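# Summary of the model geometry
Listed below, chain by chain, are the residues.
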Amino acid sequence: MTPPNATVAAQTIPLPPGFRAHSGAAGLRERGDDVFVVVNDGPSPASSAVFTRSLFAGPSVVLSRANAASGRARGVVVVAKNANVATGEQGMADAREVLDHAAAAVGAAPEEMLIASTGVIGRRYPMDLLRTHLDGLAGAGFDADAVALATAMMTTDTHPKTARVEVTTTTGGTAEIVGIAKGVGMVEPDMATMIAVLFTDAAVEPGVLDSAFRAAVDETFNCLSVDTDTSTSDTAIALASGAGDPVGEVELREALEAICLDLTRQLARDGEGATKLLTVEVTGARDRAQAKRVAKAILNSPLVKTAVHGADPNWGRVAMAIGKCHDDTDIDPERVRIVFGDLETYPAFPGEAELQRLTEIMRAEEVTIAVDLGVESGAGVADGACTVYGCDLSREYISINADYTT
C-alpha cells in the first residue's frame, strides 16, 4: 500500500493552522536542537495518544497517559538524548517539573500538556539545562516547522522522518495532517511505537479522533519491528486544532492510516544499520491475529534478516520461521505458499536458475516476502491478512548498539 498524497524529505513543512512550535538546543547533545515544544491554540483542541505497555514505562509515559485521558491535550514537550527511565521518584519529579516549565512557557496548564522522552535509560534529566532553556521561551519565536521538530528528537536516526497528507472536509475543502516520527532501534511496538506526533487542523471530536488514530496505529506502527525490543518510552500522539472544517470519520481514518504508514515505512527503512526495507505480507490466515503472529515471526527472525542483508537465497529460513508458530496447529505446511517478489519458492522447489533470480530479488533495496497460509477458514478473507514492516540485520546494527553509551 503506497500512502496517497504523502510528501517526505521536503526542506520545510509548516504545521497546520492552529499550532505554533519551538525547537531549540538546551545542551543535551553536543550540537543541534534537542528539545521542542508545540502548543495547540485552535478553537476546539482534541487529542489522542497511545503508549508503551512496558513494565518499565518512564515518567513521561506515566504522566502523559494521565493527561491524555481527557482527550483535550493542547500541547507536547519532547526531550531527546535522555529517556529519564528507571530514575525513581526523583525522575518522576523531574518530569513533572519539565511539564510545569513547558506549560508556563506557552500559557497552558500542566495537565493540558503531554511529555515524551527518548535516549539513554537510567539517567536523570539535566534539570539545570532544561530549566534554563524552557524558562527562556517566553520571548522566543514559536515558528519551528515539522522538519525542525523531527530533527530535534532524533537519536540514532540518520535523517528526520516527516510526512503530510490532505483530506477532504465535509464542506468540500481540505484539511491537512502533518506527521513526524523518530526511532530506528529498540522498536517492536506493543501499542504505539518510538515517538510519533501528528498535527491536523481538522475539526473533530476527541472520541472520533481517538478511534480513528488507534485504528491507524494498529495497522501501521504496531506492524513495525526493527529488533523485537519494546521501548520503555513509546509514545504516539495525534493533536487536532479545529482551526479548519470537519472531516468525516472514514476520511479521517484513511488519512491518518496513510500518514502513519508513510512514517512506518520510513522508520523501517532507516532501522539501525539497515540497508534494505523488508516487508512481509501474510494472507490466508484464520484471522488477522494469526496473520500478524506469523508475519512477525518471519520479520523478526535473525536468520531471515541476515539472509536478506546478504542476498542469500536461503528461502528455507522463511519456512523455519513459520514453523516456529507451533501453537497454530491449523497451519498445514502442505497448504502454505512462500513467494519472494514474484518468485514462488515453496512449494515450487526452485532450481539453480530460480535461486540465481532469487538472489537478484534479494539484492533490491526493498524485499517483499508473501506467504499464503492456506488455512481454509481464512482463505480469501480480508481479516485473515496482515502486512508488517522491518529491515535487514547488518554488522552496523551490532556496532551501533555495542557502543551506544560509550
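First, a word on scope: everything that follows refers to the structure included in this document. The shown structure was predicted, so the numbers you read here are calculated from the model rather than taken from an experiment.

### Describing the packing of aromatic side chains
Summed over the entire model, instances satisfying the criterion amount to 3 aromatic pairs. A centroid spacing of 6.1 Å and a plane angle of 35° characterise the contact between Trp315 and Tyr346, whose relative ring orientation is tilted. Here Trp315 is found in the loop between helix H8 (302-310) and helix H9 (316-323), whereas its partner Tyr346 is found in strand S12 (residues 343-346), with 31 residues between them in sequence. For the residue pair Trp315 and Tyr346, the accessibility class agrees, reading buried in each case. Aromatic ring contacts, followed pair by pair, group Trp315, Tyr346 and Phe349 into a single cluster. Sitting above the plane of the Phe142 ring, Arg20 keeps its charged end 5.4 Å from the centroid.

### Overview of the sheet that holds strand S10 (residues 277-283)
Read from one edge of the open sheet, 5 strands run S12-S11-S13-S10-S14, paired in mixed fashion. Taken across any chain shown, the strands that pair with only one partner, and hence form the sheet edges, are S12 and strand S14 (386-391). The average undirected angle you get between the axes of adjacent strands in this sheet is 20°. Note: S10 against S14, 6 bridges, orientation antiparallel. Within S14, the position partnered with Glu281 by the bridge is Thr387.

### Comments concerning the pairing of strand S5 (residues 113-117)
A large share of S5 lies buried, amounting to 5 of its 5 residues. Of the two faces of S5, the one carrying Met113, Ile115 and Ser117 and the one carrying Leu114 and Ala116 are both buried. For the handedness criterion, the β-α-β arrangement of strand S4 (residues 75-79), helix H2 (residues 88-106) and S5 is classed as right-handed.

### Brief notes about the sheet that holds S4
The mixed open sheet is built from 4 strands, whose spatial order is S1-S2-S4-S5. Bordering the open sheet on either side are strand S1 (19-24) and S5, each of which pairs with just one other strand. For this sheet, the mean angle separating the axes of adjacent strands, direction not counted, is 10°. Relative to strand S2 (residues 35-40), S1 is paired through 6 bridges, and the arrangement is antiparallel. For Gly24, the partnering residue across the bridge sits in S2 and is Val35. Of the strands in this sheet, S1, S2, S4 and S5 are in contact with H2, which crosses S5 at around 130°. Packed onto the sheet, helix H3 (residues 127-135) meets S1, S2 and S4 and runs at close to 40° relative to S2.

### Here's the deal with the nonpolar core
Ile298, Ile322, Ile369, Val371 and Leu373 are the most contacted members of the largest nonpolar core, which totals 106 residues. Dropping the residues within four chain positions of it, Ile369 is found in contact with Leu278, Thr279, Val280, Glu281, Ile298, Val304, Val318, Val339 and Phe340. Membership of the second largest hydrophobic core comes to 25 residues, among which are Leu99, Ala102, Tyr125 and Phe142.

### What about the state of the cysteines?
According to the stated counting rule, one finds 0 disulfides in the structure shown. In this structure Cys223 is a free cysteine whose sulfur lies 3.8 Å from that of Cys386, the closest cysteine sulfur available. The thiol of Cys325 is unpaired, and the distance to the nearest cysteine sulfur, on Cys386, comes to 12 Å. Given the relative accessible area of 12%, Cys325 is considered buried.

### Focus on the pattern of salt bridges
Across all of its chains, the model carries 22 salt bridges by this definition. Asp94 serves as the salt-bridge partner of Arg124, at 2.9 Å between the closest nitrogen and oxygen. Of the two residues, Arg124 is situated in the loop between S5 and H3 and Asp94 in helix H2; the sequence distance between them amounts to 30 residues. Exposure remark for Arg124: the relative accessible area of 43% places this residue in the partly exposed category. The residue Arg164 makes a salt bridge to Glu166 at a minimum N-O spacing of 2.9 Å. It is possible to trace a salt-bridge network through shared partners that takes in Arg286, Asp287, Arg293, Asp328 and Asp330.

### A short note on the packing of helix H7 (residues 288-299) against H9
Where H7 contacts H9, the two axes come as close as 8 Å, and the packing angle between them is 135°. By the angle class used here, H7 and H9 are oblique. Viewed along their axes, H7 and H9 form a crossing whose handedness is right-handed. Contacts between H7 and H9 involve Val294, Ala297 and Ile298 from the former and Val318, Ala321 and Ile322 from the latter. Split by residue class, the contact of H7 with H9 holds 6 nonpolar, no polar and no charged.

### Re H3
Those residues of H3 that fall on the buried side of the exposure criterion are Met127, Leu130, His133 and Leu134. Down the axis of H3, the buried side of the element spans an arc of 135°, and every buried residue falls inside it. Set apart from the buried face of H3 by more than 90 degrees, the exposed residues are Asp128 and Thr132. Its buried side turned inward, H3 meets S1, S2, S4 and H2.

Conventions we followed
- Residues numbered from 1 in each chain as written.
- Predicted model: local features only at pLDDT ≥ 70, side-chain atom pairs only at ≥ 80, totals over all residues.
- Heavy atoms only, no water.
- Phe/Tyr/Trp six-rings, centres within 6.5 Å; stacked < 30°, edge-to-face > 60°.
- Helix = DSSP H or I, 4+ residues; strand = E, 2+ residues; numbered from the N terminus.
- Buried < 20%, exposed > 50% of the residue type's maximum accessible area, 1.4 Å probe, protein only.
- Lys NZ or Arg CZ within 6 Å of the ring centre and 35° of its normal.
- Pairing = 2+ DSSP bridges.
- Axes fitted to C-alpha atoms, helices over the stretch in contact; angles between N-to-C directions.
- Right-handed = clockwise from strand over helix to strand, strands pointing away.
- Contact = heavy atoms within 4.5 Å.
- Core = buried A, V, L, I, M, F, W, Y, C linked by side-chain atoms within 4.5 Å.
- Disulfide = S-S within 2.5 Å.
- Salt bridge = Lys/Arg side-chain N within 4 Å of Asp/Glu carboxyl O.
- Parallel < 35°, antiparallel > 145°, perpendicular 65-115°, else oblique.
- Left-handed = near helix turned anticlockwise from the far one by under 90°.
- Nonpolar A, V, L, I, M, F, W, Y, C, P; charged D, E, K, R; others polar.
- Arc of directions from axis to C-beta.

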